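# Observations on chain architecture
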Amino acid sequence: MLVAPSILSAEFGQLSNDVKAICEGGCDYVHVDVMDGHFVPNLTIGPVVVEAVAKASTKPLDIHLMVENNSFFVDLFAPLKPEFISFHIEEEKHPHRLIQKIRSLGIRPAITLNPHTPPESIEYLLGDIDMVLLMSVNPGFGGQSFIPTVIEKATKLKALIQKRNPNCLIEVDGGVSDKNISLLKDAGVDMVVAGSYVYGNKNGIKYAIDSLKV
Ligand code: DX5
Ligand code: ZN
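Cut-offs applied
Residues numbered from 1 in each chain as written. Chains lettered and ligands numbered in written order. Predicted model: local features only at pLDDT ≥ 70, side-chain atom pairs only at ≥ 80, totals over all residues. Heavy atoms only, no water. Patch = residues over 30% accessible without salt bridge, like charges linked within 9 Å, V, L, I, M, F, W, Y side chains within 5 Å. Areas by Shrake-Rupley, 256 points an atom, 1.4 Å probe, with all protein chains shown as cover. Salt bridge = Lys/Arg side-chain N within 4 Å of Asp/Glu carboxyl O. Helix = DSSP H or I, 4+ residues; strand = E, 2+ residues; numbered from the N terminus. Buried < 20%, exposed > 50% of the residue type's maximum accessible area, 1.4 Å probe, protein only. Arc of directions from axis to C-beta. Contact = heavy atoms within 4.5 Å. Donors = N, O, S within 2.8 Å, 3.2 Å for Na, K, Ca; no water. Tetrahedral: all angles 85-135°; square planar, octahedral: opposite > 155°, others 65-115°. Near = heavy atom within 4 Å. Polar contact = N/O pair within 3.5 Å; in protein donor to acceptor, adjacent residues only side chain to side chain. Nonpolar A, V, L, I, M, F, W, Y, C, P; charged D, E, K, R; others polar. Pairing = 2+ DSSP bridges. Axes fitted to C-alpha atoms, helices over the stretch in contact; angles between N-to-C directions.

## Points about a nonpolar patch on the surface
A cluster of nonpolar residues, F12, V48 and V49, forms a patch on the protein surface that exposes about 260 Å² of accessible area. Among the structural elements, V49 can be located in helix α2 (residues 47-56). The class for V49 is partly exposed, based on a relative accessible area of 31%.

## Focus on unusual backbone geometry
At N69, a residue that is not glycine, the phi angle is positive and equals roughly 60°. For N69, the location among the structural elements is in the loop between β3 (61-66) and α3 (70-77). The class for N69 is partly exposed, based on a relative accessible area of 48%. In this structure, K81 takes a positive phi of about 55° despite not being glycine. Among the secondary structure elements, K81 is positioned in the loop between α3 and β4 (84-88).

## With respect to helix α4 (residues 95-104)
Taken residue by residue, α4 has P95, L98, I99 and I102 as its buried positions. Buried residues along α4 cover an arc of 105° about the axis, so they all sit on one side. For α4, exposure combined with an orientation more than 90 degrees from the buried face picks out R97 and S104. Where the residues of α4 are buried, they touch α3, β4 and β5 (108-113). Phi turns positive, to about 80°, at G106, one or two residues after α4.

## Some words on the coordination of the zinc ion (ligand 2)
Bound to the zinc ion (ligand 2) are the protein donor atoms H31 (NE2), D33 (OD), H64 (ND1) and D173 (OD), situated 2.0 to 2.3 Å from the metal. The coordination sphere of the zinc ion (ligand 2) comprises 6 donor atoms, whose angles at the metal cover 69 to 168°; the geometry is octahedral. All donors of the zinc ion (ligand 2) belong to a single chain; written as a sequence motif, their spacing is H-x1-D-x30-H-x108-D. Highlighted residues: D33 in strand β2 (residues 30-35) and H64 in strand β3, separated in sequence by 31 residues. For the residue pair D33 and H64, the accessibility class agrees, reading buried in each case.

## Brief notes about the site of ligand 1
Taken together, 20 residues surround ligand 1, and among them G140, G143, D173, G195 and S196 come closest. Between an oxygen atom of ligand 1 and a main-chain N or O atom of G140, the distance comes to 2.7 Å. Between ligand 1 and G175 there is a distance of 2.8 Å, counted from an oxygen atom to a backbone nitrogen or oxygen. Coverage of ligand 1 by the protein chains reaches 100% of its 380 Å² of free accessible surface. Taken together, the elements giving at least two residues each to the shell around ligand 1 come down to β2, β3 and β8 (191-194). Taken together, the residues of the shell around ligand 1 sort by class into 8 nonpolar, 10 polar and 2 charged.

## Quick notes on the sheet that holds β5
The strand order β1-β8-β7-β6-β5-β4-β3-β2 describes an open sheet built from 8 strands, whose pairing is parallel. The open sheet has two free edges, formed respectively by β1 (2-5) and β2, since each of these has just one partner strand. Pairs of neighbouring strands in the sheet enclose a mean axial angle of 25°, with direction left out of account. Sheet topology note: the β1/β8 ladder contains 4 bridges and is parallel. Across the sheet, the residue bridging to V3 is V192, located in β8.

Here's what the structure looks like:
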């Protein structure tokens with residue numbers, strides 16, 4: 001299992017130290033939650049702060065856009081050369097065009113689905129993307145409870161991926177911990193995001209990351 005801790009649960013007063021801590025703790029990617037106060041009822045960070053994150057990080061960035069006007073935000077973050085940029089399908093009228101744009105900028109395109117959005121809705125886009133991010137909470141905040149129907153969704157998505165693009169990864173984001181990691185693994189999930197579980201773990205960040213690497 002690949003692990004992408006979310007810096008949303010970091011202490012922002014010491015952000016670069018908290019980014020270094022997850023890198024030293026063995027994470028695979030650094031997950032960056034970009035919220036605009038419109039698509040979700042929360043506002044987070046822009047390119048100035050994410051540039052500082054990129055400087056502190058020894059691991060590639062996984063940028064999760066939770067915004068209106070995806071194309072504008074892709075332009076803002078592309079110069080930071082993230083590995084992935086994911087956008088919400090619920091907020092995109094022309095996903096195929098946006099995927100081509102992300103790819104043309106040398107970034108791996110990914111699509112995010114809210115908890116209610118069926119995996120079949122992106123069947124004809126799977127051939128063009130490198131990852132699907134399944135939300136297991138309503139996007140906007142860290143520390144929410146895991147929505148268990150994501151397990152069934154991941155299983156359905158895995159079958160579609162095997163048919164359309166076996167190289168496409170499945171990532172799950174929200175309420176991930178050692179309590180649900182085995183279920184996610186069994187459902188075919190390749191990568192998990194974890195914020196509060198990693199940064200709030202009483203046994204430390206490295207222990208938390210290790211416990212998700214099943
Ligand atoms: C929620 C974000 C998540 C969040 C996860 O909108 O997309 O990445 O930070 O936090 P936890 O792991 O605490 O649910
Ligand atoms: Zn996220």
